[in-house]
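Listed below, chain by chain, are the residues.
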Amino acid sequence: MRSVGKNIPENCEYQITARELAELGPDHIPDAFIPGKHLIYSSPATLSYNSPGALGFGVKRAALTIPESVELLLSPLCCGRNSTILSSEEGYADRMFYLTIDETDLVTGLHIEKVPEAVREILDVCSPKPKVVLICITCVDALLGTDLDSLCRTVTEETGVTAVPCRMNALAREGRKPPMTEIRDTVYSLLKLRPKQADAVNLLGYFMPVSSRSELVPLLKKAGLRTVNEVSRCRTLSEYEKMASANFNLVLHPESRYAAERLRKRLGLPYIEFPRLFSPEKIHKMYYLLGNAIGVHFSDQEFYEKALEERRSFQNEFRGAVFSVGEMIDADPYELSASLAESGMIVKDIFSNLTQDQFPFLRRLAEASPDTVIRTGIAPSMIHYEDAGGVDFAVGKDAAGYHPSAVLCPWKNAEEEPFGFQGYCDFVQEVRERAAEAGMRRAECIGTERKGGRL
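A. Just the overall build of the protein chain, in detail. Scanning the protein chain for helices and strands turns up 17 helices and 14 strands. Per-residue burial for the protein chain yields a buried fraction of 54% across its 455 residues. Counting contacts in the protein chain only where the partners sit at least 6 residues apart, residues at least 24 apart contribute 72% of the total. Accessible surface for the protein chain amounts to roughly 20,300 Å². Of this, 50% is attributable to carbon and sulfur atoms.

B. Broad picture of a nonpolar patch on the surface. Among the surface-exposed residues, Leu 106, Val 107 and Leu 144 lie close enough to one another that they form a single nonpolar patch of about 270 Å² accessible area. Here Leu 106 is to be found in helix H4 (residues 103-108). The exposure class assigned to Leu 106 is partly exposed, which follows from its relative accessible area of 36%.

C. View of unusual backbone geometry. Cis geometry is adopted by the peptide bond preceding Pro 128, which originates at Ser 127 and carries an omega value of 0 degrees. Relative to the helices and strands, Pro 128 is located in the loop between helix H5 (111-125) and strand S4 (132-137). At Glu 68, a residue that is not glycine, the phi angle is positive and equals roughly 55 degrees. Mapping Glu 68 onto the fold places it in the loop between helix H2 (59-63) and strand S2 (69-75). When its relative accessible area of 29% is taken as the criterion, Glu 68 is described as partly exposed.

D. Just the pairing of strand S11 (residues 346-351), in detail. Alignment of strand S10 (residues 322-325) against S11, held across four bridges, turns out to be parallel. Among the inter-strand pairings, Val 322 is bridged to a residue of S11, identified as Ile 346. Alignment of S11 against strand S12 (residues 373-375), held across three bridges, turns out to be parallel. Counted as the bridge partner of Phe 351 is Arg 375 from S12. What joins S11 to S12 is helix H15 (residues 359-368), and the crossover it makes is right-handed.

E. Region of the structure containing helix H8 (residues 179-187). Here H8 lies mainly inside the structure; nine of its nine residues are buried. Every buried residue of H8 is listed here: Pro 179, Met 180, Thr 181, Glu 182, Ile 183, Arg 184, Asp 185, Thr 186 and Val 187. Check the buried side of H8 and you find it contacts H2, S4, strand S5 (162-167), helix H10 (237-241) and helix H11 (257-267).

F. Quick look at the sheet that holds strand S1 (residues 16-17). Read from one edge to the other, the open sheet built from six strands follows the order S1-S12-S11-S10-S13-S14, with strand pairing classed as mixed. Because the sheet does not close on itself, it has two edges, and the strands there are S1 and strand S14 (407-409). Pairing of S1 with S12 involves two bridges; the strand directions are antiparallel. Bridged to Thr 17 within S12 is Val 373. Along the sheet, helix H17 (residues 420-437) contacts S10, strand S13 (393-395) and S14; its crossing angle with S14, the most-contacted strand, is approximately 150 degrees.

G. Structural context of the sheet that holds strand S8 (residues 248-251). The four strands lie next to each other as S7-S6-S8-S9, forming an open sheet whose pairing is parallel. The two strands at the open ends of the sheet, each matched to only one other strand, are strand S7 (227-229) and strand S9 (271-273). Averaged over neighbouring strand pairs, the angle between their axes works out to 25 degrees when direction is ignored. Relative to S9, S8 runs parallel, the two sharing three bridges. Bridging across to S9, Leu 250 finds its partner in Ile 272. Sitting on the sheet, H11 is in contact with strand S6 (200-204), S8 and S9, with an inclination near 160 degrees to S9.

H. Main features of the packing of aromatic side chains. Enumeration over the complete set of coordinates arrives at 15 aromatic pairs. A centroid spacing of 5.1 Å and a plane angle of 75 degrees characterise the contact between Phe 274 and Tyr 287, whose relative ring orientation is edge-to-face. Placement of the pair is Phe 274 in the loop between S9 and helix H12 (280-294) and Tyr 287 in helix H12, with a sequence separation of 13 residues. Side by side, Phe 274 and Tyr 287 carry an identical accessibility label, which is buried. Ring plane angle 25 degrees and centroid distance 5.7 Å describe the contact between Tyr 287 and Phe 421, whose orientation is recorded as stacked. Here Phe 421 lies in helix H17 and Tyr 287 lies in helix H12, a separation of 134 residues in the sequence.

I. Structural context of the nonpolar core. By size, the foremost hydrophobic cluster in this structure holds 79 residues, and its most contacted members are Leu 220, Leu 250 and Phe 393. The element best represented in this core is H17, accounting for seven residues. If near-sequence neighbours (up to four positions away) are discounted, Phe 393 is found in contact with Phe 318, Ala 321, Val 322, Phe 323, Ser 324, Ala 406, Val 407, Cys 409, Val 431, Ala 435 and Met 440. If you look at the next biggest cluster of nonpolar residues, it comprises 35 residues, including Ile 66, Cys 166, Tyr 188 and Val 251.

J. Up close: helix H14 (residues 333-342). Counting buried residues in H14 gives nine out of 10 residues, a clear majority hidden from the surface. Among the residues making up H14, those that are buried are Pro 333, Tyr 334, Glu 335, Leu 336, Ser 337, Ala 338, Ser 339, Leu 340 and Ala 341. With a side-chain oxygen lying 2.9 Å from the backbone nitrogen of Tyr 334, the N-terminal cap of H14 falls on Asp 332. After H14 finishes, the residue Gly 344 shows a positive phi value of roughly 95 degrees.

K. Representation of the packing of H12 against H17 in the model. It is at 9 Å that the axes of H12 and H17 come closest, and there the two elements cross at 165 degrees. In terms of axis orientation, H12 runs roughly antiparallel to H17. Here H12 runs over H17; the crossing is right-handed. Contacts between H12 and H17 involve Pro 280, Ile 283, His 284 and Tyr 287 from the first element and Gly 420, Phe 421 and Tyr 424 from the second. Among the residues forming the contact of H12 with H17, the class breakdown is five nonpolar, two polar and no charged.

Conventions adopted
Residues numbered from 1 in each chain as written. Predicted model: local features only at pLDDT ≥ 70, side-chain atom pairs only at ≥ 80, totals over all residues. Heavy atoms only, no water. Helix = DSSP H or I, 4+ residues; strand = E, 2+ residues; numbered from the N terminus. Buried < 20%, exposed > 50% of the residue type's maximum accessible area, 1.4 Å probe, protein only. Contact = heavy atoms within 4.5 Å. Areas by Shrake-Rupley, 256 points an atom, 1.4 Å probe, with all protein chains shown as cover. Patch = residues over 30% accessible without salt bridge, like charges linked within 9 Å, V, L, I, M, F, W, Y side chains within 5 Å. Salt bridge = Lys/Arg side-chain N within 4 Å of Asp/Glu carboxyl O. Pairing = 2+ DSSP bridges. Right-handed = clockwise from strand over helix to strand, strands pointing away. Axes fitted to C-alpha atoms, helices over the stretch in contact; angles between N-to-C directions. Phe/Tyr/Trp six-rings, centres within 6.5 Å; stacked < 30°, edge-to-face > 60°. Core = buried A, V, L, I, M, F, W, Y, C linked by side-chain atoms within 4.5 Å. Polar contact = N/O pair within 3.5 Å; in protein donor to acceptor, adjacent residues only side chain to side chain. Parallel < 35°, antiparallel > 145°, perpendicular 65-115°, else oblique. Left-handed = near helix turned anticlockwise from the far one by under 90°. Nonpolar A, V, L, I, M, F, W, Y, C, P; charged D, E, K, R; others polar.

Structure, rendered in structure tokens:
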């Protein structure tokens with residue numbers, strides 16, 4: 001049974017095909033994909049979604065990408081408890097401090113007056129002393145109307161340390177600046193105008209460095225861009241400040257577009273977008289277009305041919321394998337699904353929200369695999385979802401939650417961001433390794449008979 005639009009039949013989860021969704025167009029995204037239009041269902045696909053401060057690089061951890069910084073979280077006890085657990089598990093607990101908000105504070109806002117003193121206490125106990133203190137508020141202060149910018153100016157004046165506003169506000173998720181878009185702007189907000197260095201470029205988009213295995217940085221340097229900056233590789237504030245000298249910014253993730261535009265206006269730094277892709281031909285084209293834009297030649301043929309050979313091997317081994325793709329992955333789920341379908345794989349379903357930026361990828365998917373079913377894990381109707389089986393690989397922990405019998409390919413690196421031709425090759429290798437661990441045998445032809453969801 002399929003439900004499209006607002007009227008969802010009883011006992012049926014919301015679903016729509018790639019073709020149907022693409023035909024609706026970016027201006028008519030169904031309400032099920034828009035969190036502000038309905039209650040949020042905590043399904044496996046919302047494992048890292050419900051809060052901007054949740055797993056991985058949520059707002060709190062992302063803000064600490066600024067080197068030599070610590071963070072003061074103004075929060076009710078519930079938010080603080082969540083943060084203490086996550087910061088401990090993910091290794092940044094020694095840089096997190098808390099000012100709890102009680103019921104009296106919620107009524108009076110008196111906690112704001114305690115912030116300068118809390119920052120002074122932080123400076124007393126930290127060794128070495130931080131050069132930046134991020135003042136992070138939650139939805140509570142957003143509802144109270146707290147003037148965070150003014151508060152940070154007061155803290156800077158009274159303590160002498162640079163205070164930077166940081167907003168973990170889920171209420172802004174549907175606005176012009178969602179939390180993960182705004183925090184990227186925050187991360188680069190301390191950069192000030194400096195003389196430009198012609199052979200320097202900044203990589204914007206991720207809070208972890210681009211994989212050292214990727215060809216991106218070597219190709220940039222070989223083409224004459226000898227200084228390649230990433231905020232995640234800056235160990236001191238002095239190194240960070242040198243990013244303002246770059247000739248241009250290379251935007252690797254669409255959520256950094258707003259920050260890049262702000263840097264263009266503030267510092268005169270132009271930017272070019274180079275999205276993460278998993279189609280060798282399209283990666284090759286992006287290098288060609290980037291080279292044309294900046295007047296250089298990228299010698300990527302060696303990497304391109306390696307990726308093509310890897311894909312031929314992938315097709316020989318797994319053509320016709322059935323995939324389910326989630327959004328808790330180091331990829332855009334629609335672009336990865338389109339690339340898989342274009343390579344002869346079967347993408348049965350996708351569990352992901354949808355934004356206007358993703359429509360070019362969705363249209364590719366609709367052309368290659370029009371009947372791929374798309375579900376949004378946040379829709380309350382997903383309570384009725386039942387796994388029908390028949391999936392060989394679940395890409396992402398959220399997809400695996402819906403297809404527990406499938407082979408899990410997490411495709412989530414905790415240390416580096418896969419990118420470019422090598423990123424594609426690494427993905428293929430992960431599928432191959434996971435298949436071997438599960439004892440899946442080689443597919444000998446297209447349409448190999450499946451039993452129990454396995455090749």
